[in-house]
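One letter stands for each residue in the lines below.
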Amino acid sequence: MGLLTGKTAIVTGAARGIGKAIALKFAAEGANVAFTDLVIDENGKATEAEIAALGVKAKGYASNAADFAQTEEVVKAIKEEFGSIDILVNNAGITKDGLMLRMTEQQWDAVIAVNLKSAFNFIHACLPIMMRQKGGSIINMASVVGVHGNAGQANYAASKAGLIALAKSVAQEMGPKGIRANAIAPGFIETAMTAALPEAVRADWMKKIPLRRGGQVEDVANTALYLASDLSSYVTGQVVQLDGGMNM
């Protein structure tokens, strides 16, 4: 028996990267997994097959998480297909970096819509289901920049700070219903995006991290597993800074 056997999880933006790692970790612990991405292409189909190969039910849904009506329809379809929704991971996110003076309205609106409004959309759609089930775990994928800010990322930092406050607010509202809400704030995680950074930039980052290394997607997935499972049954409204001690 896995930690999540018999549960159904939704992971948004999970065709690749951190979202995919979380989906696979949940499946390895027995959860049936529904995941979303803007399009379910060959990449998404491959992810669906990888999850299903772990012996659980898996299905990818093409969905613009920033679209309220689309999200309502997708969550309804997932409930009909899977029977329950026990875990929600709001992982969908984009970056459109730029200094505040040069940032366009489009850059601001796009990041807020995909990173923050999408979480509102999915939480709003899932809460009635979780309330009827008398329980659930919601995990918002934030960032250390949502706690500390970052020059050149005002839109991204604001969206991630919003995800933290959203989790805390939902935790307060839904605690009496047995529904928990938490946030994960990763720091420097080794991904294709960070691998493309110049070596000097990477070295500068490492000097700021007491553990002297970047985190792995597996580290994020393990933290998500803890927050999704009954191991954290008395944990709600919290932000786990997953950054190797970079911001103490």
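Everything here concerns the structure above.
Since the model is a prediction, treat every value here as computed from it, not as a measurement.

1. Regarding the overall build of the protein chain
Item 1. Across its full length, the protein chain holds nine helices and seven strands.
Item 2. Its C-alpha radius of gyration of 17 Å places the protein chain within 12% of the 18 Å reference for a compact globule of 248 residues.
Item 3. The buried share of the protein chain, taken over its 248 residues, is 50%.
Item 4. Working note: accessible area of the protein chain is about 11500 Å², and carbon and sulfur atoms make up 56% of it.

2. Digging into the packing of helix H3 (residues 68–82) against helix H4 (residues 105–133)
Item 1. The geometry of H3 relative to H4 is characterised by a closest axis approach of 9 Å and an angle of 35° between their N-to-C directions. Crossing handedness for the pair H3 and H4: right-handed. Residues Phe68, Thr71, Glu72, Val75 and Lys79 of H3 pack against Lys117, Phe120, Asn121, Phe122, His124, Ala125, Cys126, Ile129 and Gln133 of H4.

3. Some thoughts on the pattern of salt bridges
Item 1. Tallied over the entire structure, the rule returns seven salt bridges.
Item 2. Residue aspartate 37 pairs with arginine 16 through a salt bridge whose shortest N-O separation is 3.7 Å. Residue aspartate 37 is found in strand E2 (residues 32–37), and its partner arginine 16 is found in the loop between strand E1 (8–12) and helix H1 (17–28); the two are separated by 21 residues along the sequence.
Item 3. Residue aspartate 219 pairs with arginine 213 through a salt bridge whose shortest N-O separation is 3.9 Å.

4. Here's the deal with the side chain of asparagine 182
Item 1. With respect to the secondary-structure elements, asparagine 182 resides in strand E6 (residues 179–186).
Item 2. At a separation of 3.1 Å, a polar atom in the side chain of asparagine 182 contacts the main-chain carbonyl oxygen of valine 235.
Item 3. Look past the residues within four positions of asparagine 182 in its chain and what remains in contact with it is Ile138, Ile139, Asn140, Ala167, Leu227, Val235, Thr236, Gly237 and Gln238.

5. Brief notes about a nonpolar patch on the surface
Item 1. Side chains of Leu3, Tyr226 and Leu231 sit close together on the surface and give an oily, nonpolar patch of about 280 Å² of accessible area.
Item 2. Overall, the relative accessible area of 56% leaves leucine 231 in the exposed class.

6. Remarks on the pairing of strand E3 (residues 58–62)
Item 1. The pairing of E2 with E3 spans five bridges and is classified as parallel. If you follow threonine 36 over to E3, its bridge partner there is tyrosine 61.

7. As for the sheet that holds E1
Item 1. The strand order E3-E2-E1-E4-E5-E6-E7 describes an open sheet built from seven strands, whose pairing is parallel. The outermost strands of the open sheet, each flanked by one partner alone, are E3 and strand E7 (239–242). Going across the sheet, the axis of each strand differs from the next one's by a mean of 15°, ignoring polarity.
Item 2. Two elements, strand E4 (residues 87–90) and strand E5 (residues 136–141), share four bridges in a ladder whose sense is parallel.

8. Some thoughts on the pairing of E2
Item 1. With five of its six residues buried, E2 lies for the most part within the structure.
Item 2. Summarising the sheet, E1 and E2 pair through five bridges and their orientation is parallel. Following the sheet pairing, valine 11 is matched in E2 by phenylalanine 35.
Item 3. Read as a crossover between parallel neighbours, the route from E2 over helix H2 (residues 42–52) to E3 is right-handed.

9. Digging into the packing of aromatic side chains
Item 1. For the structure shown, the criterion picks out two aromatic pairs.
Item 2. Geometrically, the ring pair formed by phenylalanine 68 and phenylalanine 120 is stacked, given 6.0 Å between the ring centres and 25° between the ring planes. Of this pair, phenylalanine 68 sits in helix H3 while phenylalanine 120 sits in helix H4; the two residues are 52 residues apart in sequence, bridging distant segments of the chain.
Item 3. Phenylalanine 120 sits in the partly exposed class, given a relative accessible area of 40%.
Item 4. Considering the side-chain rings of phenylalanine 188 and tryptophan 205, the 5.0 Å spacing of their centres and the 45° angle between planes classify their relative orientation as tilted. With phenylalanine 188 in the loop between E6 and helix H7 (192–195) and tryptophan 205 in helix H8 (residues 199–207), this pair connects stretches of sequence that are 17 residues apart.
Item 5. A relative accessible area of 28% places tryptophan 205 in the partly exposed class.

Quick notes on the rules
- Residues numbered from 1 in each chain as written.
- Predicted model: local features only at pLDDT ≥ 70, side-chain atom pairs only at ≥ 80, totals over all residues.
- Heavy atoms only, no water.
- Helix = DSSP H or I, 4+ residues; strand = E, 2+ residues; numbered from the N terminus.
- Rg over C-alpha atoms; globule rule 2.2 N^0.38 Å.
- Buried < 20%, exposed > 50% of the residue type's maximum accessible area, 1.4 Å probe, protein only.
- Areas by Shrake-Rupley, 256 points an atom, 1.4 Å probe, with all protein chains shown as cover.
- Axes fitted to C-alpha atoms, helices over the stretch in contact; angles between N-to-C directions.
- Left-handed = near helix turned anticlockwise from the far one by under 90°.
- Contact = heavy atoms within 4.5 Å.
- Salt bridge = Lys/Arg side-chain N within 4 Å of Asp/Glu carboxyl O.
- Polar contact = N/O pair within 3.5 Å; in protein donor to acceptor, adjacent residues only side chain to side chain.
- Patch = residues over 30% accessible without salt bridge, like charges linked within 9 Å, V, L, I, M, F, W, Y side chains within 5 Å.
- Pairing = 2+ DSSP bridges.
- Right-handed = clockwise from strand over helix to strand, strands pointing away.
- Phe/Tyr/Trp six-rings, centres within 6.5 Å; stacked < 30°, edge-to-face > 60°.

What is shown is where atoms sit, not what they do.
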